[in-house]
Amino acid sequence: MVEVTFTYDFHPNLDMNEYTKVARKATAMMVQADGFIEFHANRNMLGSPHVRRTSVWKSLAHWAAFAQQTEFQKLTADFRQHVTHLDVQIWGPSPLSPDPIRP
């Protein structure tokens with residue numbers, strides 16, 4: 001299982017309606033993708049980065065297949081027009097704690 005995390009700030013001239021359309025389209029594409037497990041979106045309560053979007057995938061191969069789709073690449077280019085300071089990270093399980101620890 002891998003987690004793909006996008007963090008970013010909103011562009012100073014953000015059109016929230018256009019951003020919302022792009023974000024919702026990206027989310028809908030992920031939900032239908034092979035190997036997709038779940039999605040989380042968060043707003044930073046203390047400032048920058050403004051947003052963290054995390055998707056969870058069965059494997060790195062599943063994420064790679066999704067990310068290489070032409071439609072997703074076009075959507076990502078559109079998405080970048082609405083954000084700044086975009087950072088993408090791909091996380092795998094820890095060898096010491098591969099599963100969540102809960103009470």
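Residues numbered from 1 in each chain as written. Predicted model: local features only at pLDDT ≥ 70, side-chain atom pairs only at ≥ 80, totals over all residues. Heavy atoms only, no water.

Asks: How should I be thinking about a nonpolar patch on the surface in this particular structure?
Replies: Among the surface-exposed residues, Leu60, Val88 and Ile90 lie close enough to one another that they form a single nonpolar patch of about 250 Å² accessible area. Since its relative accessible area comes to 45%, Ile90 is described here as partly exposed. (Patch = residues over 30% accessible without salt bridge, like charges linked within 9 Å, V, L, I, M, F, W, Y side chains within 5 Å. Areas by Shrake-Rupley, 256 points an atom, 1.4 Å probe, with all protein chains shown as cover. Salt bridge = Lys/Arg side-chain N within 4 Å of Asp/Glu carboxyl O. Buried < 20%, exposed > 50% of the residue type's maximum accessible area, 1.4 Å probe, protein only.)

Asks: When you look at the environment of Ala28 in this model, what are you seeing that I'm missing?
Replies: You can see Ala28 is positioned in helix α1 (residues 16-32). For the pair Ala28 and Leu14, spaced 14 residues apart in sequence, the C-alpha separation works out to 22 Å. (Helix = DSSP H or I, 4+ residues; strand = E, 2+ residues; numbered from the N terminus.)

Asks: In this structure, what is going on with the nonpolar core? I would like to understand it.
Replies: Proteins that are soluble and globular tend to have nonpolar side chains buried together. One finds Tyr8, Tyr19, Trp57, Trp63, Phe66 and Phe79 to be the most contacted residues of the largest nonpolar core, which totals 22 residues. Secondary-structure elements contributing two or more residues to this core are β1 (2-10), α1, β3 (51-57), α2 (60-67) and α3 (70-79). The element contributing the most residues to this core is α1, with six residues. Dropping the residues within four chain positions of it, Trp57 is found in contact with Met1, Val2, Val4, Met30, Ala33, Asp34, Gly35, Phe36, Ile37, His62, Trp63 and Phe66. (Core = buried A, V, L, I, M, F, W, Y, C linked by side-chain atoms within 4.5 Å. Contact = heavy atoms within 4.5 Å.)

Asks: I tried to follow the pattern of salt bridges on my own but got confused; where do I start?
Replies: Should their charged atoms come close, side chains of opposite charge can pair. Using the criterion set out here, one finds one salt bridge in the structure. Residue Lys21 is joined to Glu18 by a salt bridge in which the shortest nitrogen-to-oxygen separation is 3.3 Å. Here the residue Lys21 and the residue Glu18 both occupy positions in helix α1, the gap between them amounting to three residues, near one helical turn. Classification of Glu18 as partly exposed rests on a relative accessible area of 33%.

Asks: Explanation requested: the sheet that holds β1 in the structure shown.
Replies: Paired through their backbone hydrogen bonds, the strands of a sheet run either parallel or antiparallel. With antiparallel pairing, four strands are arranged side by side in an open sheet as β2-β3-β1-β4. Bordering the open sheet on either side are β2 (36-43) and β4 (83-91), each of which pairs with just one other strand. The mean angle between the axes of side-by-side strands here comes to 15 degrees, regardless of whether they run parallel or antiparallel. Relative to β3, β2 runs antiparallel, the two being bridged by seven bridges. Bridged to Glu38 within β3 is Val56. (Pairing = 2+ DSSP bridges. Axes fitted to C-alpha atoms, helices over the stretch in contact; angles between N-to-C directions.)

Asks: I'm lost on α2 in this one. Help?
Replies: For an α-helix the count is 3.6 residues per turn, leaving residues at separations of three or four pointing the same way. Along α2, the positions that sit buried rather than exposed are Trp63, Phe66 and Ala67. Along the axis of α2, the buried positions cluster into a sector of 95 degrees, meaning they face one direction only. In this structure, the buried side of α2 is in contact with β1, α1, β3, α3 and β4. (Arc of directions from axis to C-beta.)

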